[in-house]
Amino acid sequence: ALRRSERRWRFALDGMGDGIWVLSIATGRLAPSASWSALLGLPGASVPRNRAGLEALIHPEDVAGFSRAFDEFAAGRATSFAAEVRLRGADGGWLWTLNRAAVTDRGPRGAPQEIVGVT
């Protein structure tokens, strides 16, 4: 039943066309979905695997605002996260994106441990 449920969710998420990403606060590991990579036209080898890699794709004028909002959210000082930023596509052009995220796992003291986002 669990595998069937996971397949349904995967089908629904992939079908939306939105890019999904998961960030582990503890390890800093970023796991973007195939639809996220496709959104930017990035081949597998150039997909960011951590927050620094993600921020390298954000337009220089948008990085500070994104980082500030994300840090507040990841630290548990903000209840929601949303940031509109330009991301560099594989063709070198900029794509305006809206990024939203939710905490999906918390540590023993309630601090966010894992965040799932949608681009």
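Provided above is the structure to which this section pertains.
Residues numbered from 1 in each chain as written. Predicted model: local features only at pLDDT ≥ 70, side-chain atom pairs only at ≥ 80, totals over all residues. Heavy atoms only, no water.

Caption draft 1: Highlighting the overall build of the protein. The helix and strand inventory of the protein stands at 4 helices and 5 strands. Listed by position from the N terminus, the elements making up the protein come as α-β-β-α-α-α-β-β-β. Expressed as a percentage of the 119 residues in the protein, the buried residues total 34%. Working note: accessible area of the protein is about 7,300 Å², and carbon and sulfur atoms make up 54% of it. (Helix = DSSP H or I, 4+ residues; strand = E, 2+ residues; numbered from the N terminus. Buried < 20%, exposed > 50% of the residue type's maximum accessible area, 1.4 Å probe, protein only. Areas by Shrake-Rupley, 256 points an atom, 1.4 Å probe, with all protein chains shown as cover.)

Caption draft 2: Highlighting the nonpolar core. Residues Trp21, Trp36, Phe66, Phe70, Phe81, Leu87 and Ile115 are the most contacted members of the largest nonpolar core, which totals 20 residues. Listed by contribution, the elements that provide at least two residues to this core are β1 (20–24), α2 (34–40), α4 (60–74) and β3 (81–88). Not counting residues within four places of it along the chain, the set of residues in contact with Ile115 comprises Trp21, Val22, Leu23, Ile25, Phe70, Phe73, Ala74, Ala101, Ala102, Val103 and Thr104. (Core = buried A, V, L, I, M, F, W, Y, C linked by side-chain atoms within 4.5 Å. Contact = heavy atoms within 4.5 Å.)

Caption draft 3: Fine view of the sheet that holds strand β5 (residues 112–118). Taking strand neighbours across the sheet as the criterion, the 5 strands line up as β2-β1-β5-β4-β3 in an open arrangement whose pairing is antiparallel. The sheet is open, and its two borders are formed by β2 (30–32) and β3, each paired with just one other strand. The average angle at which neighbouring strand axes cross in this sheet is 25°, direction not considered. Here 3 bridges tie β1 to β2, and the two strands are oriented antiparallel to one another. Considered in β2, the bridge of Leu23 is made with Leu30. (Pairing = 2+ DSSP bridges. Axes fitted to C-alpha atoms, helices over the stretch in contact; angles between N-to-C directions.)

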